[in-house]
Amino acid sequence: MNSSTGTVDFKVGDETYQTWYNIVGDLKSGKRPLVTLHGGPGMSHIYMISHTEIYSLYGIPVIFYDQLGIGKSTHLRGKPAEFWTPELFMDQLDNLLVQLGIESDFDLLGHSWGGMLAADYVAQRQPPGLHRLVISSSPPSEQLWEESMLGHLEAFPAEFKEMVLRHEREGTVSSTEYQAAIQVFMNKHTCQTIPWPEELIAAFASVDEDPTVSNAMLGPAQFHATGSLTTWSVIDRIHRISCPTLVTNGPEEGAQDYVIAPFIEKLPKVKWVRFAKSHIAFFEDRDYYFKAIGDFLRVD
């Protein structure tokens, strides 16, 4: 498969960092490339790598990259929490588009936090070169996501729920008991493909290896965000996203139907595809997922 990797300089103030990227396909092929935004925040791109299927099936070049602070891009463990903002990651994306020479013609796909970032980026900056946007299993506000996940937790036995929330209240989320419980929860509401694919395990391991971004923007607890994204919302800006947009979700994940409703109601040009299971349809319902993405991207 035609694949190339590299890094580009990304300047923030007086400092220069490195954005690592991987291009699958040929950017000079004449086909509009798809840029992918991984989730987290603070989780590496590795679990998104199955999106190479978009190139295999449709010849569309696909670009992966690691957001700042994680994976193969520059790690910055010493930066204060206020350094990590959605605007920082928007700047990194803008910089990568320019460095790769695709800022005038590209599509964008974000999964989970990547979709939150993509929606905010397009609403705020309205990049003229963007043609199509895919928001995959992403909420339009952190509050809605948290409410949804707590709702899913309610379906577990009372003692399970109380134990999980007690650990979050007491700050003992690193305990074996809590971590084991969260894995049980995620097996139902994050990825129902058991055992988990190696790429997904590796992506979660990247957070454990360097939780700087994740802790700053969300915090260490699963059900109560304490980081800078706690009050994040794009709901009042959704109407500014003018390009055709595909929104996807599943009923058993955080971005369940009522959560994504603001996207469906407020996006001027929206298509909605609902998958059968939870948060990562590209593992759980691979063929249908990539057909839906391909069909959407290939419409002129």
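Residues numbered from 1 in each chain as written. Predicted model: local features only at pLDDT ≥ 70, side-chain atom pairs only at ≥ 80, totals over all residues. Heavy atoms only, no water.

A. Structural view of the overall build of the chain. The helix and strand tally for the chain stands at eleven helices and eight strands. Here the C-alpha radius of gyration of the chain, 18 Å, is about what a compact globule of 300 residues would show, namely 19 Å. Each principal axis of the C-alpha atoms in the chain carries an extent, and together these give about 55 × 45 × 40 Å. When contacts within the chain are restricted to residue pairs at least 6 apart in sequence, those whose partners lie at least 24 apart make up 73%. Where the 23 positive side-chain charges of the chain centre and where its 38 negative ones centre are 6 Å apart. (Helix = DSSP H or I, 4+ residues; strand = E, 2+ residues; numbered from the N terminus. Rg over C-alpha atoms; globule rule 2.2 N^0.38 Å. Contact = heavy atoms within 4.5 Å. Lys, Arg positive; Asp, Glu negative; His and termini not counted. Charge placed at Lys NZ, Arg CZ, Asp CG, Glu CD.)

B. Structural detail: the UniProt feature "domain: AB hydrolase-1" (unreviewed entry) in the chain. UniProt's feature table lists "domain: AB hydrolase-1" (unreviewed entry) at residues 33-170, given in the numbering used throughout. As a span, residues 33-170 carries 43% helix and 15% strand, and end to end its C-alpha atoms are 46 Å apart. (UniProt positions renumbered as here; feature names shortened; annotations may be inferred.)

C. Seen up close, the pattern of salt bridges. For the structure on display, the rule yields 14 salt bridges. A salt bridge links R77 to D210; the shortest N-O distance between them is 3.7 Å. With R77 in the loop between strand 4 (62-65) and helix 2 (86-100) and D210 in the loop between helix 7 (198-209) and helix 8 (212-217), this residue pair connects regions lying 133 residues apart in the sequence. Look at D210 and you get buried, because its relative accessible area is 1%. (Salt bridge = Lys/Arg side-chain N within 4 Å of Asp/Glu carboxyl O. Buried < 20%, exposed > 50% of the residue type's maximum accessible area, 1.4 Å probe, protein only.)

D. Looking closely at the sheet that holds strand 2 (residues 15-24). Spatially, the eight strands line up as an open sheet ordered 1-2-4-3-5-6-7-8, and their pairing is mixed. Either end of the sheet is taken by a strand with one partner, and the two such strands are strand 1 (3-12) and strand 8 (270-274). Going across the sheet, the axis of each strand differs from the next one's by a mean of 20 degrees, ignoring polarity. Note: strand 3 (residues 34-37) against strand 5 (residues 106-111), four bridges, orientation parallel. Bridge pairing in strand 5 places L34 opposite D107. Each of strand 1, strand 2, strand 3, strand 4 and strand 5 touches helix 2; the most contacted strand, strand 1, lies at about 125 degrees to it. Sitting on the sheet, helix 3 (residues 113-125) touches strand 3, strand 5 and strand 6 (130-136), and the angle it makes with strand 5 is about 135 degrees. (Pairing = 2+ DSSP bridges. Axes fitted to C-alpha atoms, helices over the stretch in contact; angles between N-to-C directions.)

E. Seen up close, the pairing of strand 1. In this sheet, strand 2 lies alongside strand 1 in antiparallel orientation, the contact comprising ten bridges. When the bridges of strand 2 are listed, V12 appears paired with E15. Hairpin connection from strand 1 to strand 2: two residues lie between these consecutive antiparallel strands, with G13 at a positive phi of about 65 degrees.

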